[in-house]
Amino acid sequence: PHGVRSNVIAPGPIAGTEGMDRLSAKDGQHKGAAERIAPLGRLGDIRDIANSAVFLFSDAASYITGQVLVVDGAFDQLRTASLPYPQSVLDPDSVQKMIKARM
């Protein structure tokens, strides 16, 4: 009733951030990270997060509240997927045995 909206931005792996720098020190400077984020094939950029914030503050998002905006290049969806990407999407028949074995 007071015009207050509450949304959250949940960033994924963003290059050039302290969190990514700490993680990459353990596994060797982002080696292979872009390949693991297969749909976009790149790490996020600080501008990706900034653009998300600009959107949420804009009139275009005036009816959006109580949401978590995940900005991660689909990394979260791949992490929870138990089938190989992109093979499972491009050729579902090729992973049919894997699906049946888990049921």
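Criteria and cut-off values
- Residues numbered from 1 in each chain as written.
- Predicted model: local features only at pLDDT ≥ 70, side-chain atom pairs only at ≥ 80, totals over all residues.
- Heavy atoms only, no water.
- Helix = DSSP H or I, 4+ residues; strand = E, 2+ residues; numbered from the N terminus.
- Buried < 20%, exposed > 50% of the residue type's maximum accessible area, 1.4 Å probe, protein only.
- Areas by Shrake-Rupley, 256 points an atom, 1.4 Å probe, with all protein chains shown as cover.
- Patch = residues over 30% accessible without salt bridge, like charges linked within 9 Å, V, L, I, M, F, W, Y side chains within 5 Å.
- Salt bridge = Lys/Arg side-chain N within 4 Å of Asp/Glu carboxyl O.
- Contact = heavy atoms within 4.5 Å.
- Polar contact = N/O pair within 3.5 Å; in protein donor to acceptor, adjacent residues only side chain to side chain.

A few points about the overall build of the chain
For step 1, the next point in the chain: Secondary structure assignment for the chain yields six helices and two strands.
For step 2, the next point in the chain: Listing the helices and strands of the chain from first to last along the sequence gives β-α-α-α-β-α-α-α.
For step 3, the next point in the chain: For the chain, buried positions account for 17% of its 103 residues.
For step 4, the next point in the chain: Of the roughly 7,800 Å² of accessible surface on the chain, a fraction of 58% belongs to carbon and sulfur atoms.

Some remarks on a nonpolar patch on the surface
For step 1, the next point in the chain: Together, V8, V68 and V70 give the surface a local cluster of nonpolar side chains, amounting to about 240 Å² of exposed area.
For step 2, the next point in the chain: Structurally, V8 is set in strand β1 (residues 8-11).
For step 3, the next point in the chain: A residue is classified by how much of its surface remains accessible, and V8, at 44% relative accessible area, is partly exposed.

Some details on the pattern of salt bridges
For step 1, the next point in the chain: A full pass over the atoms with the stated rule returns two salt bridges.
For step 2, the next point in the chain: In this structure, D48 and R42 form a salt bridge, with 3.0 Å as the shortest nitrogen-oxygen distance.
For step 3, the next point in the chain: By relative accessible area, R42 is classed as partly exposed at 39%.
For step 4, the next point in the chain: Across the pair R47 and D45 runs a salt bridge whose closest N-O atoms are separated by 2.8 Å.

Some thoughts on the environment of A61
For step 1, the next point in the chain: For A61, the position within the fold is in the loop between α3 (46-57) and β2 (68-71).
For step 2, the next point in the chain: Taking the C-alpha atoms as reference points, A61 and R5, 56 residues apart in sequence, are found 9.9 Å from one another.
For step 3, the next point in the chain: With sequence-adjacent residues up to four places away left out, A61 is seen in contact with R5, F55 and L56.

Let's talk about the side chain of D72
For step 1, the next point in the chain: Tracing the backbone shows D72 in the loop between β2 and α4 (75-80).
For step 2, the next point in the chain: A distance of 3.0 Å separates a polar atom in the side chain of D72 from the backbone nitrogen of A74.

Keep in mind these numbers describe shape, not what the thing actually does.
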